[in-house]
Amino acid sequence: MSEKVLMKGNEALAEAAIQAGCRHFFGYPITPQTELAAYMSKRMPKIGGVYLQAESEVAAINMVLGASAAGVRAMTSSSSPGISLKSEGISYLAGSDLPCLIINIQRGGPGLGGIQPSQADYWQATKATGHGDFQILVFAPSTVQEMVDLVAGAFDKADKYRMPAMILADGMLGQMMEPVAIGEADVKLPEKEWATSGHKGKRKHNVINSLYIDPNVLENIVVERYKKYETIEATEQMSESYLTEDADIVLVAYGASSRIARSAVNSARELGIKAGLIRPISLWPFPKDVVAKAGDTAKQILTVEMSMGQMVDDVRLAVNGKCPVSFFGRTGGIIPTPAEVLEEIKKLAGGAV
Amino acid sequence: MAVVFEKTKGLTDAPLHYCPGCTHGIVHRLVAEVMEELGVLDKAVGVAPVGCAVFNYDYFSCDMVQAPHGRAQAVATGIKRAVPENVVFSYQGDGDLAAIGTAETVHAATRGENITVIFINNAIYGMTGGQMAPTSLPNQITQTTPYGRDTNYAGYPIRVCEMLSTLDGVALAQRVSVDTPKNVMNAKKAIKKAFENQIAGKGYSIVEVLSTCPTNWGLTPTEALTWLRDNMIPYYPLGVYKDKEDVK
Amino acid sequence: MTEHNILIAGFGGQGVLFSGKVIAYAGLIDGLEVSWLPSYGPEMRGGTANCSVCLSKRTIGSPLVVNPNAFVAMNLPSFDKFIDDVVPGGVVIVDSYLIEKKVEREDVKAFYVPAQKLAEENNLKGLSNIILTGKLFKELGFCSKEALDEAVKKCVPAKKAHLLEANYRAIELGMSI
């Protein structure tokens, strides 16, 4: 383990990507992910990598598409309005079975919204990062160290399943500094025999494509892709459970809001309320097995988000009516306070304990 | 028996889907022959557009990537930056390159991206059935300018080579036509130069090819060639608009 | 107590974020869990800036300090905005050269340091933030002195190493008040 240093989440993500073997970054400036691109622009030229500032988020994601098609580890980063612009390219990446890493340092929306931290892009990330039937892998770190730890895995799984992966963070995590250790990863990049980097006279031409004009062919390809998604849902769910075993009230929160929820759970325990926390780490696949299990034992489930309530849909689907599911959130860039969340827990405990 | 002519190895055996009299087929062949002659088929990667040429990933025998509408040069940029040894070209129509993809075109050009761009200008959207293109001529009748392109209302056509020639990153901007055998030969020379420029690391090269669309122009193939000569060439004069070698 | 929620607030350019970083690094060196969260956005271009620093033996929940137990005020707008949020018994350090107001609350421990003026008088221009950090260290004892010195060394960038000595003097000056 290398020495711990203080690093901003944005910079830590960038360095972790470099350690994971990424040498191709394409981006467009936007607050609050700025430091990530700036870090890349400083580091990439020194290690023979590519940092390219594109003319738009649209161009940036398509440069990622080209680089990924050519077989290298490629990434881009942005914040909410920029991810909307990238959504076209993400759909094409998914439809072309191309791996890549996309980072969303979320800010308030809709529209230009604001620049303060938000989690209002959950639906976009997990349900509709673009048009068509498809999913991308979505990971939600809650600390700067976890931002680092998830990056290499996100690249690996993107390569393994040949699909885009996203780190869904927010302005708070991107801007804050925490102690972090970034070890040099032992990177083994997989062979990509499908890549379009010249057939060298040794094989037929490779084609990277998402167009299938015959509906039967397209249906088959999408159905096959969904079989892959089924495997991922069965094997790749990630979450952390904190004090849930005996909990009457289980909170479900990810990323920044999970930190606030955790503080509120600690305070509730001090008051004698049996509260616990499930923190989804993979948002797609959603850790529905763990949440469903909590539905068997908890009296109440409370979802906490920095939005008007988006992940709560998935929580309700997983719990499937086994116990009441309620929601507390702040939005528009407001970070909820532990005291606010504690009040919600107390309200629920009043009825349940 | 001695072989006196062979189909280029740069094309696959897939039958082309283009309409009778369309000049896409000629340009495909020229690009494929040039790549074969330069010996780069094994390291060439082409980028297909959205538009009539969308299926060209099945026609060119080199590695191919199909890009979102207008984004071919951003995709080509990604490929070239990832593996600079590759010879990377995009092949795009006027809607793809000069409407929805204008930003990608201008910025790839001004970055001096070391790629080759083949631009088919036929003054109309072919794939979607004949709508006004950014290069449709004043007064030209299309599906969406049924009374003719009114420049007071719909604005003016874009002269892409002239526009890009002002950019320092451009090594070659040349407009050619494939309406006569002589012009076909000239077009091939230009395309070859555009690939040679890339191999020599000279930067962005674009060849604009004036092309016909008999189906959507509502003309026979021969009438279409005449229409091109009478209407397009006067508005889009053939020639070299930028050649870095001249600048020295 | 080894749990501190510190809020430092002032104008952009006064070194609010820098002193927060020094404090966070000191905590890290002492083996604590730490977090540092800046206000970001237009603030950095001349408006008010603030910085939340948490030091704790436990995992840090929200890094946003809503109710600080230590508040360093470097301008009047920040003083007015945050003074009522300080927890009872908390420490308030005021740059009394820039803020003429006194703390009206009687349930907090207020200290007045004319840091801006002291910096100018002692050839420590631009280091009023570090003088105040020295004072905060004296009153709060959020880390060991060795950790604080080491943290200053970590935070002063290599190309500004010549300023290290001045930073140490600023800490000592703050501690002496």
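Residues numbered from 1 in each chain as written. Chains lettered and ligands numbered in written order. Predicted model: local features only at pLDDT ≥ 70, side-chain atom pairs only at ≥ 80, totals over all residues. Heavy atoms only, no water.

1. With respect to the arrangement of the chains
A comparison of contact numbers over the two pairs of chains in contact places chains A and B at the top. A gap remains between chain B and chain C, which never touch, and the nearest two C-alpha atoms on either side lie 28 Å apart. (Contact = heavy atoms within 4.5 Å.)

2. Quick word on the confidence of the model for chain B
Interpretation of this model should avoid reading the predicted coordinates in detail wherever pLDDT is low. Scored by pLDDT, chain B has a mean of 97; 99% of the residues are at 70 or more. Interface confidence for the predicted complex, given as ipTM, is 0.94, next to a pTM of 0.95. (pLDDT = per-residue confidence, 0-100.)

3. Focus on the pattern of salt bridges
Evaluation of the coordinates by the stated rule reveals 46 salt bridges over all chains. A salt bridge links Glu88(A) to Arg71(B); its shortest N-O distance comes to 3.0 Å. Within this pair, whereas Glu88(A) is found in helix α4 (residues 80–95), its partner Arg71(B) is found in the loop between β2 (63–66) and α3 (72–82), the two belonging to separate chains. Classification of Glu88(A) by relative accessible area gives partly exposed; the value is 22%. When its relative accessible area of 10% is taken as the criterion, Arg71(B) is described as buried. Taking the shortest distance from any N to any O, the salt bridge between Asp296(A) and Lys322(A) comes out at 3.1 Å. Of the two residues, Asp296(A) is situated in helix α10 (residues 288–297) and Lys322(A) in the loop between α11 (311–319) and β15 (325–329); the sequence distance between them amounts to 26 residues. The class of Asp296(A) is exposed, set by a relative accessible area of 51%. Three or more residues joined by partner-sharing salt bridges are found here, namely Arg29(B), Glu33(B), Glu37(B), Lys188(B) and Lys192(B). (Salt bridge = Lys/Arg side-chain N within 4 Å of Asp/Glu carboxyl O. Helix = DSSP H or I, 4+ residues; strand = E, 2+ residues; numbered from the N terminus. Buried < 20%, exposed > 50% of the residue type's maximum accessible area, 1.4 Å probe, protein only.)

4. Details of the interface of chain A and chain B
Reports often express the size of an interface as the amount of accessible area lost when the parts come together. At the junction of the two partners, chain A supplies 35 residues and chain B supplies 35 residues. For the pair chain A and chain B, the two sides together bury roughly 2,500 Å², of which 61% comes from carbon and sulfur. Our count for the chain A to chain B interface comes out at three salt bridges. Among the ionic pairs, Asp63(B) bridges to Arg203(A), the shortest N-O distance being 2.8 Å. (Buried area = accessible area lost by both parts, 1.4 Å probe.)

5. Observations concerning the nonpolar core
Judged by nonpolar contacts, the single largest core of 146 residues is most densely connected at Met75(A), Leu251(A), Ile301(A) and Ile345(A). Of the residues forming this core, the biggest block, nine residues, is contributed by helix α6 (residues 144–161) of chain A. When residues of this core are sorted by domain, at least three fall in each of domain 1 (5–188 + 210–235) and domain 2 (240–352) of chain A. The contacts of Leu251(A), once residues within four sequence positions are left out, are Ala261(A), Val265(A), Gly276(A), Leu277(A), Ile278(A), Leu302(A), Val304(A), Val341(A) and Ile345(A). Counting residues in hydrophobic clusters, the runner-up holds 49 residues, among them Ile6(C), Val113(C), Tyr168(C) and Leu173(C). (Core = buried A, V, L, I, M, F, W, Y, C linked by side-chain atoms within 4.5 Å. Domains from an automatic or database assignment.)

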